[in-house]
There are 2 protein chains.
Amino acid sequence: MNRKLLYVVGIGPGKPEGMTKEAKAALDDSELLVGYPLYLSLLGPEYDKKEKKSTGMTAEMERCRMALSEADSGRTVALICSGDPGIYGMAGPVLSLSGAYPEVKIRIIPGVTAATGGAALLGAPLMHDFAVISLSDRLTPWDKIEKRLRAAAEADLVIVLYNPESKGRSGYLKKACGILLDILPPERAAGTAERVGREGETCWTGTLAGLSERQADMFTTVYIGNSTTEIKEGRMITDRGYRPDEE
Amino acid sequence: MNRKLLYVVGIGPGKPEGMTKEAKAALDDSELLVGYPLYLSLLGPEYDKKEKKSTGMTAEMERCRMALSEADSGRTVALICSGDPGIYGMAGPVLSLSGAYPEVKIRIIPGVTAATGGAALLGAPLMHDFAVISLSDRLTPWDKIEKRLRAAAEADLVIVLYNPESKGRSGYLKKACGILLDILPPERAAGTAERVGREGETCWTGTLAGLSERQADMFTTVYIGNSTTEIKEGRMITDRGYRPDEE
């Protein structure tokens, strides 16, 4: 086999059953799997014998270049991402670097992103319009993030927060909740889902005021409801306010 | 087998390979599959022998009640949804009706939603914060939808539109683009993905001005970029502006 092919694969929340058949086919078709070590380890024993490369704690750009360069040498490579590769993932960096590897064919394989994986645990928080916002300010100025939080709250969108906290960014969830509490009532429904699809999977429901006191980390997805969202028997449910036009 | 179990299953964009292993396991485990006829037909020949029920052109509430009632009679049932069941899908209605069927155990199985399925075809439009908005005003007043469109554009969020048009709602995409053109430049990057994962799958990239002249239907997902989104060689790529905190 001498193809210059790079799959950018979303493996879903974590457990092997969360992967699509299409994602599995891409991994099976690949000679080399490239990814962050944690996500390579989540693939399960059936991939123990596949050649793997990772870049450890360094930026993803290096990992993308490695994957593109390996594919350019004539190999079929899968670059794996947690969740979906197009949501804060590798799809953008790969495509932006791909100009230097014009012979490499790139196929992006979607996966179940954290927002929907966590929502399935919590109940049905995303039943109406919603905004997805990352609290990571490493490349995005905080005032832009604040502007987006305010706009989403004022427009009565359900809000999903990715990357709420990390070791280098503690107190960010509390800060975001402080901004939202300017606009939303303290009893607004809120929830979190942690380690979805992995060991230690758990979820919590409560109020926005309660959320501002909680711990979070990089494996936590946070949900703040809209004005119709309720917590019933521990489930977070947003009103549909929508009926599809079945024709 | 005498379990009172209802799976609410996202089957992904359409093709069987777009389904997760977990979704397939839920369908295999079920004695009865309930769903809109089109989605039942997308499951593929391996489910030809399964008992199926649908409700045709009527509201999903009836379909949810049917599924819950069948499960309550002691059966294992799967209620299937296109994409993800928690995004404009059946998860909310099922949970809101579930109080009348307290013995039925409900498990929600996430799937690849149209936003990410379409994004994988288009390139990487969702690489930064985004809003998902439905243009269906059957239950949501248009002025609320307009408010959300304006807020998302002003906050420089990528915008994904679900249900852009239908037979009963023509001209809605043009109307939404008109609102966005109040705020965004006409050359703002835009794209559409149609019939993702199905026969006739196609995508288009261009500008917001061009988008306002295009046809759309219920199987079209629409993307309007943020201020960094570019179209390169027909691919829609939004700048990451984000780097995960690898620890």
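The structure this text deals with has already been given above.
Remember, predicted model here, so these are calculated numbers, not experimental data.

Before going further, it helps to spend a moment on the overall build of chain A. The secondary structure content of chain A amounts to 8 helices and 13 strands. Relative to the globule expectation of 18 Å for 247 residues, the C-alpha radius of gyration of chain A, 19 Å, shows essentially globular dimensions. The principal-axis extent of the C-alpha atoms belonging to chain A is close to 60 × 40 × 40 Å. Every one of the 247 residues in chain A was classed for burial, and the buried ones make up 62%. A sequence separation of at least 24 residues applies to 70% of the contacts in chain A between residues at least 6 apart. Carbon and sulfur atoms make up 49% of the accessible area of chain A, which totals about 9100 Å².

Residue and element names in this part refer to chain A. Across the sheet, which stays open at both edges, the 5 strands sit in the order S3-S2-S4-S1-S5 with parallel pairing between neighbours. Looking along the sheet, the strands with just one partner apiece sit at the ends: strand S3 (51-53) and strand S5 (105-109). Each strand axis lies, on average, 20° off the axis of its neighbour in the sheet, ignoring direction. Across 5 bridges, strand S1 (residues 5-10) lies against S5 in parallel orientation. Bridging from a neighbouring strand, Tyr7 pairs with Arg107 of S5. Running at roughly 140° to S1, helix H1 (residues 21-29) makes contact with S1, strand S2 (32-34), strand S4 (76-81) and S5 of the sheet. Running over the sheet, helix H3 (residues 60-72) touches S1, S2, S3, S4 and S5 and is turned about 160° from S4.

Let us now look at the relation of the copies chain B and chain A. Laying chain B over chain A is done by rotating through 180° and shifting 0.0 Å along the axis; what remains is an RMSD of 0.0 Å. What the superposition gives is, in effect, a two-fold axis relating one chain to the other. Both copies present the same face, since 100% of the interface residues in chain B are matched by interface residues at the equivalent positions in chain A.

One non-glycine residue with positive phi stands out, namely Asn163 of chain A, at about 50°. Within the secondary structure, Asn163 of chain A sits in the loop between strand S8 (158-162) and helix H7 (172-181).

Think of it this way: side chains of opposite charge can pair up when their charged atoms draw near. In this structure the tally under the stated criterion is 42 salt bridges over all chains. Residues Glu70 of chain A and Arg75 of chain A are paired through a salt bridge, measuring 3.1 Å at the closest nitrogen-oxygen approach. Arg195 of chain B is the partner of Glu194 of chain B in a salt bridge, and the nearest nitrogen-oxygen pair spans 3.8 Å. Three or more residues are tied together by salt bridges with common partners; here these are Glu31, Glu51, Lys53, Glu70 and Arg75 of chain A.

Here we come to the interface of chain B and chain A. Interfaces are often sized by the accessible area lost when the parts come together. Each partner contributes residues to the interface: chain B has 75 residues there, and chain A has 75 residues. Taking both partners together, chain B and chain A bury about 6900 Å²; carbon and sulfur atoms supply 55% of that area. Across the contact surface, chain B and chain A share 28 residue pairs in polar contact (both at pLDDT 80 or more). Tallied by class, the residues present in the side of chain B that touches chain A amount to 32 nonpolar, 21 polar and 22 charged. Direction of pairing for strand S7 (residues 130-134) of chain A relative to strand S7 (residues 130-134) of chain B: antiparallel, over a ladder of 3 bridges. Each residue of the ladder has a partner; that of Val132 of chain A, found in S7 of chain B, is Phe130 of chain B.

Right, let's talk about the packing of aromatic side chains for a bit. Applying the stated criterion across every chain, the model contains 6 aromatic pairs over all chains. On the basis of an interplanar angle of 55° and a centroid distance of 5.3 Å, the ring pair of Tyr88 of chain B and Tyr162 of chain B is categorised as tilted. Of this pair, Tyr88 of chain B sits in the loop between strand S4 (76-81) and helix H4 (91-97) while Tyr162 of chain B sits in strand S8 (residues 158-162), placing them 74 residues apart in sequence. Of the residues examined, Tyr88 of chain B reaches a relative accessible area of 8% and is grouped as buried. The ring centre of Trp142 of chain A lies 4.3 Å from the NZ or CZ of Lys175 of chain A, which sits over that ring.

For a regular strand, the rule is simple: side chains alternate between the two faces of the sheet. Residues and elements named next belong to chain A. Among the 5 residues that make up S8, 5 are buried, leaving the element largely enclosed by the rest of the structure. Residues of S8 alternate between two faces, with Val158, Val160 and Tyr162 on one and Ile159 and Leu161 on the opposite face, all of them buried. Regarding topology, helix H6 (residues 142-154) serves as the crossover connection from S7 to the parallel S8, and that connection is right-handed. Where S8 and strand S11 (residues 220-224) come together, 3 bridges link them in antiparallel fashion. Within the sheet, the bridge partner assigned to Ile159 lies in S11 and is Ile224.

Mapped onto the secondary structure, Trp142 of chain B falls in helix H6 (residues 142-154). Discounting residues that sit within four places of it in the chain, Trp142 of chain B has contacts with Leu135, Asp137, Tyr172, Lys175, Ala176 and Ile179 of chain B.

Our focus in this paragraph is the pairing of S4 of chain B. All names here are of chain B. With 6 of 6 residues buried, S4 is to be regarded as a mostly interior element. Residues Thr76, Ala78 and Ile80 line one face of S4 and the alternating positions Val77, Leu79 and Cys81 line the opposite face, and both faces are buried. Taken together, the 6 bridges between strand S1 (residues 5-10) and S4 define a ladder with parallel strand orientation. The partner of Val9 across the bridge, within S4, is Ile80. As paired strands, strand S2 (residues 32-34) and S4 are joined by 3 bridges and run parallel to one another. Looking at S4, one finds that Val34 is bridged to Leu79.

Cut-off values and rules
- Residues numbered from 1 in each chain as written.
- Chains lettered and ligands numbered in written order.
- Predicted model: local features only at pLDDT ≥ 70, side-chain atom pairs only at ≥ 80, totals over all residues.
- Heavy atoms only, no water.
- Helix = DSSP H or I, 4+ residues; strand = E, 2+ residues; numbered from the N terminus.
- Rg over C-alpha atoms; globule rule 2.2 N^0.38 Å.
- Buried < 20%, exposed > 50% of the residue type's maximum accessible area, 1.4 Å probe, protein only.
- Contact = heavy atoms within 4.5 Å.
- Areas by Shrake-Rupley, 256 points an atom, 1.4 Å probe, with all protein chains shown as cover.
- Pairing = 2+ DSSP bridges.
- Axes fitted to C-alpha atoms, helices over the stretch in contact; angles between N-to-C directions.
- Least-squares fit on C-alpha atoms with pLDDT ≥ 70 in both.
- Salt bridge = Lys/Arg side-chain N within 4 Å of Asp/Glu carboxyl O.
- Buried area = accessible area lost by both parts, 1.4 Å probe.
- Polar contact = N/O pair within 3.5 Å; in protein donor to acceptor, adjacent residues only side chain to side chain.
- Nonpolar A, V, L, I, M, F, W, Y, C, P; charged D, E, K, R; others polar.
- Phe/Tyr/Trp six-rings, centres within 6.5 Å; stacked < 30°, edge-to-face > 60°.
- Lys NZ or Arg CZ within 6 Å of the ring centre and 35° of its normal.
- Right-handed = clockwise from strand over helix to strand, strands pointing away.

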